[in-house]
Amino acid sequence: MARNANKSLQAKLVLLGDMGAGKTSLVLRFVKGQFSEYQESTIGAAFFTQVLSLNEATVKFDIWDTAGQERYHSLAPMYYRGAAAAIVVYDITSMDSFVRAKKWVREVQRQANSSLTMLLVANKADLEDERKVSNEEGEEYAKENGLSFLETSAKTAQNVNELFYEIGKRLAKAKSSHETGMRLHSRAGQDRGGLFCCA
Amino acid sequence: MDEEYDVIVLGTGLKECILSGLLSVDGLKVLHMDRNDYYGGESTSLNLNQLWKRFRGDDKPPAQLGASRDYNIDMNPKFIMANGNLVRVLIHTDVTKYLSFKAVDGSFVFNKGKVHKVPSNDMEALKSPLMGLFEKRRARKFFIFVQNYIENDPKTHEGMDLTRVTTKELIAKYGLDYNTIDFIGHALALHREDNYLSEPALDTVKRMKLYAESLARFQGGSPYIYPLYGLGELPQAFARLSAVYGGTYMLNKPECKVEFDEGGKVVGVTSEGETAKCKKVVCDPSYLPGKVRKVGRVARAIAIMSHPIPSTDDSHSVQIILPQKQLNRNSDMYLFCCSYTHNVAPKGKFIAFVSTEAETDQPAIELKPGIDLLGPVDEIFFDIYDRYEPVNEPSLDNCFISTSYDATTHFESTVDDVLNMYTLITGKVIDLSVDLSAASAAEE
């Protein structure tokens, strides 16, 4: 097998799931190593980038959070556009959030491209006493739908890095289906010859 | 819904979404609703099934056109000037991170029955078959004057005050003939009518500079860029900006009835029996039909093709302007084509649009000069829509209504309307003087 240690790829990763399932908390734990017990509904920042160095490749994640647009089922199609991976999150202390997670899985299957990597994540695993959704239930549903499954806790950081490493590894293995567009930036000092350059 | 908002925005067209985003960033509490179950309103991009539903009723699209979801067909096709106001707004709001763009391959003009590449600088002008040899020399001199012209540096003004000298007088000074003036005015300065000739030349010179500076951002081709997956991405990106800053989004809300008090001031919006209170309403003309008047109609054709437009150097994305005089019309006609290279159609397919300010009730006949340039088409659709502008007094009723999109193939007039509305709503002026010279585009 040919191996290219310098392979680098950029991947859009989207988070889905009910309000309060812990989408933003998972990302903040991964990106900033922080956890806040009373994370506000997502305001001000819903786009994170994080670089992950694996043996196989360097993966630059563009992580999209829902910005609350899931609340009234008004998530825009652009959210799914070009996504390489999707994380569907539910809260183990809420059966409702698990039922809704199944709807999100179907929505991703409908909207996103077929090569997308999808993971089902059971969050708030630290709240074992209040558990309403068993590990087996989650695992079984994931299996039926060909998804990877992980139980996480953004609070204790359990499985959070593992989650993103797992996605990174899968993407590094998969053939990259890379867009050829350009991004406009306002930062100075990126000029390379011309003011604009197209991929 | 039973909360009080600073602003309720109705309709998720591009103008409404930019305003929603700007107002949320300002810290205002915004509720944004749309009667449709999709984003974009009149500036959405349709997939093939949606297109057929809109124009062909119950018929199904033929299988050889490919998968419906591979199509993103703009309902309001326009290109983005690389150095224009929309790019400034995109950078100002940092919405660019949600979007990917590609340069548009070509910019052409219809002149004396033929399609020509638009020369935009002195070197291109020398090569262009649009002009004879002597005319080229004169045009080159004029282009050099425009390129060197700096508004606040009198040394570059060659002794002329362009706030007083008319375009006609300026062009006369360089001895340019009628055909040259026609393509400069319509294809470079992007004027829609000929009254620019009797107006101060400064506006035309600035427009030419915008064109040239936009063009200079690329390795040739055109001054335009266009987002991957179509223009429908733009309202979605600004809606996301608004949501990120706390804006609440509700699609598929029927009715959206604007409520007023006895004094005629807006007090809220009712949908499905619930009323959300607000201080101000921002909307497109369709939500307040009693406060707008019809100002014109746009005739357009949408074609699906399997080849680029002939005579455009195999351009996979292109604009062709057909100036009014070349067609003996009162308004210019615009051709716009994009393709699978911008992810708006499956591999090998092209989407072309022909549009103009309607002067008759028969778009198929009226648009013929443009359609004749397309060559064979797989499918073609014709349409006429009305354009509206507000007639209310926002200071009295607190309703801020956008003007319908015009037939132009770029966004300059769209952004002007948005910026004016923003100032009316907030009393503030947006400083869009972002340092575009420091802006760059990175490979993804």
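Residues numbered from 1 in each chain as written. Chains lettered and ligands numbered in written order. Predicted model: local features only at pLDDT ≥ 70, side-chain atom pairs only at ≥ 80, totals over all residues.

Looking at an unreviewed UniProt entry, one finds chain B named Guanosine nucleotide diphosphate dissociation inhibitor and attributed to Psophocarpus tetragonolobus. Here chain B is described in UniProt, under the heading Function (unreviewed entry), as follows: "Regulates the GDP/GTP exchange reaction of most RAB proteins by inhibiting the dissociation of GDP from them, and the subsequent binding of GTP." Looking at chain B in UniProt, the text filed under Sequence similarities (unreviewed entry) is "Belongs to the Rab GDI family." (UniProt positions renumbered as here; feature names shortened; annotations may be inferred.)

Chain A goes by Ras-related protein RHN1-like in an unreviewed UniProt entry, where it is assigned to Psophocarpus tetragonolobus.

Colleague: Describe the overall build of chain B, and please don't skip the residues or the numbers.
Modeller: What chain B contains, in helices and strands, is 13 helices and 20 strands. Here chain B has a C-alpha radius of gyration of 22 Å; the compact-globule value for 444 residues is 22 Å, and the two agree. When the backbone C-alpha atoms are referred to their principal axes, chain B occupies close to 70 × 55 × 45 Å. For chain B, buried positions account for 52% of its 444 residues. (Helix = DSSP H or I, 4+ residues; strand = E, 2+ residues; numbered from the N terminus. Rg over C-alpha atoms; globule rule 2.2 N^0.38 Å. Buried ≥ 20, exposed ≤ 12 C-beta atoms within 10 Å, placed from the backbone.)

Colleague: Go over the domain arrangement of chain B, please, and point to the residues and values.
Modeller: All names here are of chain B. What the domain assignment reports for chain B is domain 1 (4-43 + 232-293 + 389-426), domain 2 (57-105 + 294-387) and domain 3 (118-215). Between domain 2 and domain 3, the residue contacts involve ten residues of the former and eight residues of the latter. Residue classes in the side of domain 2 that touches domain 3 are distributed as four nonpolar, four polar and two charged. (Domains from an automatic or database assignment. Contact = placed C-beta atoms within 7 Å. Nonpolar A, V, L, I, M, F, W, Y, C, P; charged D, E, K, R; others polar.)

Colleague: Could you give me a rundown of the sheet that holds strand 14 (residues 292-305) of chain B, with the residues and numbers involved?
Modeller: Residue and element names in this part refer to chain B. The strand order 8-7-15-16-17-14-18 describes an open sheet built from seven strands, whose pairing is mixed. Unpaired on one side and paired on the other, strand 8 (114-117) and strand 18 (379-390) mark the two borders of the sheet. Looking at each pair of strands side by side, their axes are set apart by 25° on average, direction ignored. Of the strand pairs in this sheet, strand 7 (residues 106-111) and strand 8 are connected by four bridges, and their pairing is antiparallel. Among the inter-strand pairings, Val 109 is bridged to a residue of strand 8, identified as His 116. Taken strand by strand, helix 7 (residues 178-188) contacts strand 7 and strand 15 (318-322), and its axis lies near 140° from that of strand 7. (Pairing = 2+ DSSP bridges. Axes fitted to C-alpha atoms, helices over the stretch in contact; angles between N-to-C directions.)

Colleague: Can you break down the sheet that holds strand 3 (residues 58-64) of chain A residue by residue, with the values?
Modeller: Residues and elements named next belong to chain A. Strand order in this open sheet of six strands is 2-3-1-4-5-6, and the pairing throughout is mixed. Two strands lie at the open edges of the sheet, namely strand 2 (47-53) and strand 6 (148-151), each paired on one side alone. On average, each strand axis in the sheet is tilted by 25° relative to the strand beside it, whichever way the strands run. Strand direction decides the pairing type here: strand 5 (residues 117-123) and strand 6, joined by four bridges, are parallel. Within strand 6, the position partnered with Leu 119 by the bridge is Ser 148. The strands touched by helix 2 (residues 95-111) are strand 1 (8-17), strand 4 (85-91) and strand 5; relative to strand 4, the strand with the most contacts, the crossing angle is about 165°.

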